[in-house]
Amino acid sequence: MTDAGDRWRPAPPPPAATVWEPGADRAADRVSPAPGPQPGHDLPGDDGGAEEARTGDRGRSRRPPGGLRRRWRRASSGRRLVSAYLAVVVATALVSVALAPGQPVYGDRTPWQGISYDDLREEPTATGWSIDLGTVLAPDTPAECLRYRDEPVGAGRVLLRAAGAWTYGFANDSDCGSATAGVGTRLALVDTADGDVLWVHDVAEDLAAAGLSGPAEVASATAVDGSDLVLVQARADGRTVLITLETSSGETRQRTPPTATVDSEQFQASGRVVVSGWQPSEGAAFRYRLRDVRHLGRILWEGSGSVEGQVLALPDRLVVARSTSTVQIGLDGRPSTWRSDLDDLGGYVVRPDAVVGPVRGVDRGFTAVGLDGATAWTSSPAASGAYSAARSCLTVTDLGDDRLSCVDWRTGEVRWSRPADGASSADGLPGQTDDTVYATVSAPGDGPQSVRALDGATGSTLATIPLPDGAVPVAASRTVGYALAFGSSGGRSTLVAFDLASGDTLWSYAGQLQVATWAGSFVEVDVDGVARRLVAPSPEVVAP
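Rules used throughout
- Residues numbered from 1 in each chain as written.
- Predicted model: local features only at pLDDT ≥ 70, side-chain atom pairs only at ≥ 80, totals over all residues.
- Heavy atoms only, no water.
- pLDDT = per-residue confidence, 0-100.
- Contact = heavy atoms within 4.5 Å.
- 1 Å grid on protein atoms, 1.4 Å probe; cavity = no way out; pocket = protein on both sides within 12 Å on 5 of 7 lines; lining within 4 Å.
- Points joined across faces, edges and corners; volume = space filled by probe spheres on them.
- Helix = DSSP H or I, 4+ residues; strand = E, 2+ residues; numbered from the N terminus.
- Core = buried A, V, L, I, M, F, W, Y, C linked by side-chain atoms within 4.5 Å.
- Buried < 20%, exposed > 50% of the residue type's maximum accessible area, 1.4 Å probe, protein only.
- Pairing = 2+ DSSP bridges.
- Axes fitted to C-alpha atoms, helices over the stretch in contact; angles between N-to-C directions.

A. Highlighting the confidence of the model for the protein. For the protein, per-residue confidence averages 83 on the pLDDT scale, and residues scoring 70 or more make up 77% of the total. For residues 1-65, every residue scores under 50 in pLDDT, and the model assigns this stretch 47 contacts once sequence neighbours within four places are set aside. Across residues 88-100, confidence stays below pLDDT 50; counting only partners more than four residues off in sequence or on other chains, it has 12 contacts.

B. The arrangement of the layout of surface pockets in detail. Here the largest pocket is characterised by a volume of approximately 1,200 Å³. Top contributing element to the lining of the largest pocket by residue count: strand 2 (residues 146-152), with five residues.

C. Structural detail: the nonpolar core. I131, L133, L137, Y148, L160 and W518 are the most contacted members of the largest nonpolar core, which totals 19 residues. If you look at the next biggest cluster of nonpolar residues, it comprises 18 residues, including W199, V203, V232 and A236.

D. Just the sheet that holds strand 4 (residues 186-191), in detail. Here four strands make up an open sheet; going across it, the order is 2-3-4-5 and the pairing antiparallel. Two strands bound the open sheet, and with one partner strand each, they are strand 2 and strand 5 (196-202). Neighbouring strand axes in the sheet, compared pairwise and without regard to direction, differ in orientation by 25 degrees on average. As defined by bridge partners, strand 4 adjoins strand 5 across six bridges and the pair is classed as antiparallel. Along strand 5, the bridge assignment pairs L189 with W199.

E. Local environment of the sheet that holds strand 12 (residues 273-278). The strand order across the open sheet built from four strands is 11-12-13-14, with neighbouring strands paired in antiparallel fashion. Only two strands of the sheet have a single neighbouring strand rather than two, namely strand 11 (266-270) and strand 14 (295-304). Between one strand and the next, the sheet's axes are offset by a mean angle of 20 degrees, whatever the strand orientation. Pairing between strand 11 and strand 12: five bridges, direction antiparallel. Considered in strand 12, the bridge of S270 is made with V273.

Structure follows, in structure tokens:
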């Protein structure tokens, strides 16, 4: 309560919030001069003698001393209130303008590729939830013989299975030769928020139900976009079976009859489209079978392709190259002519609405075709070389000419082209909330490497990120980028974090055996096969 005799005073402008601390000394170097006296300008309140000396008596208009004070006293209380508020607004704006250039800029878009990663600005500890993976996925198998594979199933859930250490490039210990036979048939779905194991399913039981009893192998297990299904390709006794599991429960929905496993076997899945292929004999054209993932037991189409075996599964159709043309087969099983030749594409990146790839036989330039094969654009021949995907463009690295280019996904125009400066590749990072492109530069020999963060719109260098030799950038949160480096285990078991605005290293965490990203969470697997979530000691939130 304010006494009637007290004079009202407007609240002073709030103090400037410290939004970001690391690298503040370097950020200060980029701060624009704050409003204040500048060379050649008089301060308000100066006597203006210099200006009067230049203009003489022309336009001289001095107000009587104390005029401003008398006008303030004569002003109504409402006018005084408005004036006071305006003063507060102006002062606050000046503070914001002065500080803004010194503050780091982070992205505010949705996470690229749909998964949001933990924003760990402090070195984490392995004190989150824990799961004994050996017990869940490979009981009675020595922990040192195992590594673990993960597949995201939407946001916050991950599909896990065990694999022999040799599958990661490690030589098996003498005791691991037979211990890992048949390992990997168990699948587990884990909630990464609290570490709950939602279900465990042993694919060996499905193979046994299909009449197969030999050592089982899971060739692939992936979540199907747009459905509540996991698609599994499994083998035993020289036969292959396709299986779908309910993501909600882990129960088997369908499986196909066993078919012979051959060296030339092909398998692709995209959306509802599932295709299996094989070459009946050397020099013969490949044969293909098309299925709908929701009805695996029914073959929608079976037909021949080419000797080279060029085929592409798109979310709503199968594209098959033949010797004289390319056909497309929809989920109704009806073939029709595709409006391009799949053989003309020397590789490709599949986008939601287009297939983008280099023009085969020309080696200069890229083309994009719609899902029906109609040409959408062809880029300038100036863009050539190894290619990869970033958020807003196709990145093209020409090692011969040392050029790095950014080809717009929508138009095919070369948005920018610049010297690669030794970069061997350029990519986007899963989870990033801006369109930065990360170009990796390796030092000669065994020296360290660096990653240059480039503006996705202009190609200009935003920051240089030092990394240990062999480190690979793997993900980004809103303010932190992450790379996996080699550790004492011989694998990439060290997690390195860097600030996305400055490139400064924030911390490095050395895991015991394996460090992985599980659907946006970071997890360490120790030598006993126990997985623990990495969490920050105290949450540090950087304001938008």
